[in-house]
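Coordinates in review
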Amino acid sequence: MTLRNDRFLRALRREPVDCTPVWIMRQAGRYLPEYRATRARAGSFLGLAKNPELACEVTLQPLARFDLDAAILFSDILTVPDAMGLGLYFVEGEGPKFERPIRTAAQVGQLAVPDIEDDLRYVTDAVRLIRRELDGRVPLIGFSGSPWTLACYMVEGGGSDTFSTVKAMAYNTPALLHRLLDVVTSSVIAYLDAQRCAGAQVMQVFDTWGGVLSPALYREFSLPYLQRIARELPRGDRDDHAPLILFGKGNAPYLEELAQSGTDAVGVDWTVSLADARRRTGGRVALQGNLDPAVLHGTPDTIRREVSNVLESYGTGPGHVFNLGHGITPDVNPEHLKVLVDAVHALSWPFHES
Ligand code: CP3
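Residues numbered from 1 in each chain as written. Predicted model: local features only at pLDDT ≥ 70, side-chain atom pairs only at ≥ 80, totals over all residues. Heavy atoms only, no water.

1. Quick word on the overall build of the chain
In terms of helices and strands, the chain carries 16 helices and nine strands. Taking 20 Å as the expected radius of gyration for a compact globule of 354 residues, we find that the chain reaches 19 Å, a close match to that expectation. With the C-alpha coordinates aligned to their principal axes, the bounding extent of the chain is approximately 60 × 45 × 40 Å. A burial count over the chain gives 58% of its 354 residues as buried. Relative to all contacts within the chain whose residues are 6 or more apart in sequence, the contacts with residues 24 or more apart total 72%. In the form shown here, the chain has an accessible surface area of approximately 14100 Å², with 49% of it arising from carbon and sulfur atoms. Charge centroids of the chain, computed over 36 positive and 43 negative side chains, lie 1 Å from each other. (Helix = DSSP H or I, 4+ residues; strand = E, 2+ residues; numbered from the N terminus. Rg over C-alpha atoms; globule rule 2.2 N^0.38 Å. Buried < 20%, exposed > 50% of the residue type's maximum accessible area, 1.4 Å probe, protein only. Contact = heavy atoms within 4.5 Å. Areas by Shrake-Rupley, 256 points an atom, 1.4 Å probe, with all protein chains shown as cover. Lys, Arg positive; Asp, Glu negative; His and termini not counted. Charge placed at Lys NZ, Arg CZ, Asp CG, Glu CD.)

Shown next as structure tokens:
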């Protein structure tokens, strides 16, 4: 099927575009009243994520309101450990939790790569349904957590402020953590591959917690597994190449290494300028980002000015995908996101004139 809007794919391939493509991490989420209404009908977040029809419905909601250049599958990164048998549940106001966190060698030894088309069928069914409903409007992004970020939740048993349990494992029993990361990485690769085969046209890995590691620990426990994904993940054939984006919160110190991993693109947060990121990655990869999500609390004029600053920082030529530096927060006024999306398209064409 031909895509009616391929700006996002072209930018990821660093080919010329008419204007800069934009999508927003967590674009389908609680800041949208229509999302909250569908979630109420589903009964719970997991009820929503595990129902392909409802997941499809909320995936399309932000596209009805905003002129976005991509859709992202509505799901969660924690579906993979859930399928590995950890028992995912959500406590209202406390976020995700696992009934059976991973702490011992015996528990790590029992983990296996899930059968995706069986245990995670609801995800690939959602991908197939969304592709059908999108009907070529924009490309669909599939995603996974990074091995390190998934290991954080698996070992801590939920979210954490300190990451003391998983970091204690890194310092005291590094071989055990490597065995865990190894099976999680194989699962991530199988999961992304199944999403691509079901119809995902771009794949993004969220390394949300890489930035909590010291440089030595990042280079031992996060980076090598991202590099393995970039090396081993199939992307399809040449005319149907599905690019990989490695997004990392706090990944600025490692941009050179990430750009050399074999990934197609790197997503960055707002703690680095795109000008620096572009210089340091030397045109090897496309760059995605990196407006501070807090800018969405500014006035429309502030939002347009800050969008312009991000575009200016990347500069002229292809290879930029506009996004926030992290997910949109639930307290944002949706009208402000409309200002942002329209500003990206309206203000970026001068950067693409040849
Ligand atoms: O971008 C999108 O629109 C796609 C949907 C998406 C969700 N989670 C939906 C969701 C994506 C890409 C994720 C990824 C995810 N999940 C990450 C990495 C993302 C990042 O920004 O770095 C992480 C760390 C998780 C784990 C997780 N799931 C957390 C921390 C929470 C929030 C808990 C809370 O109550 O604040 C979730 C739940 C979740 N996933 C929500 C959404 C829209 C909110 C749940 C709700 O409706 O109550």
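2. Description of the packing of helix 14 (residues 274-281) against helix 15 (residues 300-314)
Put simply, helix 14 and helix 15 touch, their axes get as near as 7 Å, and they point 20° apart. With respect to each other, helix 14 and helix 15 are oriented roughly parallel. In the crossing of helix 14 with helix 15, the sense of the turn from one axis to the other is right-handed. From helix 14, Leu274, Ala275 and Arg278 reach across to helix 15, where they touch Val310, Ser313 and Tyr314. Split by residue class, the contact of helix 14 with helix 15 holds four nonpolar, one polar and one charged. (Axes fitted to C-alpha atoms, helices over the stretch in contact; angles between N-to-C directions. Parallel < 35°, antiparallel > 145°, perpendicular 65-115°, else oblique. Left-handed = near helix turned anticlockwise from the far one by under 90°. Nonpolar A, V, L, I, M, F, W, Y, C, P; charged D, E, K, R; others polar.)

3. Details of the UniProt feature "site: Transition state stabilizer" (unreviewed entry) in the chain
Per the UniProt entry, the sites bearing "site: Transition state stabilizer" (unreviewed entry) are Asp76 in this numbering. Examined against the element boundaries, aspartate 76 turns out to sit in the loop between strand 1 (71-72) and helix 5 (79-86). Each residue touching aspartate 76, except ones within four places of it in the same chain, is listed here: Phe45, Phe143 and Tyr191. Looking at aspartate 76, its side chain comes within polar contact range of the main-chain nitrogen of leucine 78, at 3.0 Å. (UniProt positions renumbered as here; feature names shortened; annotations may be inferred. Polar contact = N/O pair within 3.5 Å; in protein donor to acceptor, adjacent residues only side chain to side chain.)

4. Describing the sheet that holds strand 9 (residues 320-324)
Ordered by their spatial adjacency, seven strands build an open sheet running 1-4-5-6-7-8-9, and the pairing between neighbours is parallel. The outermost strands of the open sheet, each flanked by one partner alone, are strand 1 and strand 9. Here helix 12 (residues 215-232) sits on the sheet and contacts strand 5 (202-207) and strand 6 (244-248); the angle it forms with strand 5, its principal contact strand, is near 175°. (Pairing = 2+ DSSP bridges.)

5. Observations concerning the site of the ligand
Surveying the vicinity of the ligand reveals 23 residues, the closest of which are Arg26, Tyr35, Arg39, Asp76 and Thr208. In this structure, an oxygen atom belonging to the ligand sits 3.0 Å away from a side-chain N or O atom of arginine 30. Here threonine 208 contributes a side-chain N or O atom positioned 2.4 Å from an oxygen atom of the ligand. Here the ligand loses 88% of its free accessible area of 890 Å² to cover by the protein chains. The pocket occupied by the ligand, as judged from atoms lying within 2 Å of grid points, is the largest pocket. Among the elements of the structure, helix 2 (33-42) and strand 3 (95-98) are those that each provide at least two residues to the shell around the ligand. Of the residues that constitute the shell around the ligand, the class distribution is 14 nonpolar, five polar and four charged. (Near = heavy atom within 4 Å. 1 Å grid on protein atoms, 1.4 Å probe; cavity = no way out; pocket = protein on both sides within 12 Å on 5 of 7 lines; lining within 4 Å. Sits in = over half its atoms within 2 Å of the grid points.)

6. Comments concerning the nonpolar core
By size, the foremost hydrophobic cluster in this structure holds 128 residues, and its most contacted members are Leu177, Leu180 and Leu340. Considering each element in turn, this core owes the most residues, twelve residues, to helix 11 (residues 174-198). Here leucine 340 is in contact with Val22, Ile24, Leu291, Leu296, Ile303, Val307, Phe322 and Leu324, once residues within four sequence places are set aside. (Core = buried A, V, L, I, M, F, W, Y, C linked by side-chain atoms within 4.5 Å.)

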